[in-house]
Amino acid sequence: MECIFCNIIGKKSEAEILFEDDNIIAFLDIAPVNYGHTLVIPKKHYDNFLTIPAAELEQLMKATQFISGAVKRSMNADGFNVISNNGDSAGQSVYHFHFHIIPRFKSDFNLKPNLKSYSEGVMKECADQIRTFVSKYRNLYNG
């Protein structure tokens, strides 16, 4: 399957590139939430947050932090979101890992998630399930 982001990296597809170094490229999203909506991606192809190596994720985070400041200030935004959609149900449409930097304004923000409440014992149940996986795979954590 052809990857549009890999094509942008390889200069086979056009994009408004805002930042580029040896490992990272940032460009404007073609379908922005707001003007200035930026994508920051590694030049190497990784499908999602779980497949990018930690060292490359660290570089990507540093670039995302730097570019976020430039986007916020240049767009005169009141704030910004940094998000990553991972998997179909999370809204991922391009399977090349990336961060979105979305400039936000007091007049546009209407994100109203459907917050849930834990019923009796369910919070501990969920925590126990997650802790089981954390314990089982703790040796993979390099923190």
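This structure is a prediction, so every number in the text was calculated from the model and none was measured.

(A) Structural view of the environment of Ala90. Along the chain, the position of Ala90 falls in the loop between strand S4 (79-83) and strand S5 (99-104). Among the residues examined, Ala90 registers a relative accessible area of 38% and is labelled partly exposed. For Ala90 and Glu125, which are 35 residues apart along the polypeptide, the C-alpha to C-alpha distance reads 23 Å.

(B) Region of the structure containing the pairing of strand S2 (residues 24-28). When you tally the buried positions in S2, you get four out of five residues, the bulk of the element. One ladder, built from three bridges, connects strand S1 (residues 17-20) with S2; its direction is antiparallel. Across the sheet, the residue bridging to Glu20 is Ile25, located in S2. In this structure, the hairpin formed by S1 and S2 is closed by a connection of three residues. Here S2 pairs with strand S3 (residues 38-42) via five bridges, running antiparallel.

(C) Looking closely at the packing of aromatic side chains. Scanning the model with the defined rule gives five aromatic pairs in all. Relative to Phe99, the ring of Phe97 has its centre 5.2 Å away and its plane inclined at 75°; by these criteria the two rings are edge-to-face. An identical accessibility class is assigned to Phe97 and Phe99; each is buried. Among the aromatic side chains, those forming a connected cluster through ring pairs are Phe49, Phe97 and Phe99.

(D) How the structure looks around the side chain of Asp29. Assignment of secondary structure puts Asp29 in the loop between S2 and S3. Buried Asp29, no salt bridge; nearest opposite-charge side chain is Arg104, N-O distance 12 Å. Side-chain polar atoms of Asp29 contact the backbone nitrogen of Ala31, separated by 2.7 Å. Filtering out sequence-adjacent residues up to four positions away, Asp29 remains in contact with His37, Thr38, Leu39 and His100.

(E) Quick look at the side chain of Glu56. On the secondary structure map, Glu56 appears in helix H2 (residues 54-74). Not counting chain neighbours up to four residues away, the residues in contact with Glu56 comprise Lys44 and Tyr46.

(F) Fine view of H2. Given a rise of 1.5 Å per residue, 21 residues ought to cover 30 Å, and the 30 Å separating the end C-alpha atoms of H2 matches this to within 8%. Buried positions along H2 lie against S1, S2, S3, S4 and S5. Positioned one or two residues after H2, Asn76 has a phi angle of 55°, which is positive.

(G) Representation of unusual backbone geometry in the model. Positive phi, close to 65°, is recorded for Lys11, a residue that is not glycine. Note that Lys11 resides in the loop between helix H1 (4-9) and S1. At Asn76, a residue that is not glycine, the phi angle is positive and equals roughly 55°. Along the chain, the position of Asn76 falls in the loop between H2 and S4.

(H) Molecular detail of the layout of surface pockets. Of the voids in this model, the largest pocket is the one considered here, and its volume is about 380 Å³. Together, 20 residues line the largest pocket, and Phe5, Asp29, Ile30, Ala31 and Leu39 are the ones closest to its centre. Listing elements by their share of the lining of the largest pocket, those giving two or more residues are H1 and S2. Ranked by residue count, the leading element in the lining of the largest pocket is H1, at three residues.

Reading the values: the criteria
- Throughout this description, residue numbers start from 1 for each chain and increase along the sequence as written.
- Where totals are concerned, whole chains, interfaces and linings use all residues; where local detail is concerned, this predicted model gives features only for residues with pLDDT of at least 70, and gives and counts side-chain atom pairs only at 80 or more.
- Side-chain metrics rest on all non-hydrogen atoms present in the structure, leaving aside hydrogens and water.
- Helix and strand assignments follow DSSP, with helices taken as H or I runs no shorter than four residues and strands as E runs no shorter than two, numbered in order from the N terminus.
- Three exposure classes are used, based on accessible area relative to the maximum for each residue type with a 1.4 Å probe and protein chains only: buried under 20%, partly exposed in between, and exposed over 50%.
- Should DSSP find at least two bridges between two strands, the strands are regarded as paired.
- Within 6.5 Å between ring centres, the rings of Phe, Tyr and Trp (the latter by its six-membered ring) count as paired, and their orientation is classed by plane angle as stacked under 30 degrees, edge-to-face over 60, tilted in between.
- Only four residue types enter the tally: Lys and Arg on the positive side, Asp and Glu on the negative side, with His and both chain ends excluded.
- One speaks of a salt bridge when a side-chain nitrogen belonging to Lys or Arg is within 4 Å of a carboxyl oxygen belonging to Asp or Glu.
- Counted as a polar contact is a pair of N or O atoms within 3.5 Å, where, for protein atoms, one must be capable of donating a hydrogen and the other of accepting one, and residues adjacent in sequence contribute only when both atoms are in side chains.
- Note on definitions: a residue-residue contact is assigned when non-hydrogen atoms from the two residues lie within 4.5 Å.
- One fewer than the residue count of a helix, multiplied by 1.5 Å, yields its expected span.
- Lining residues are those with an atom within 4 Å of a point, where the points come from a 1 Å grid over the protein atoms alone and group into cavities, where a 1.4 Å probe fits but cannot get out, or pockets, open sets with protein on both sides within 12 Å along at least five of seven lines.
- Grid points are joined across faces, edges and corners, and a volume is the space filled by probe spheres set on the points.

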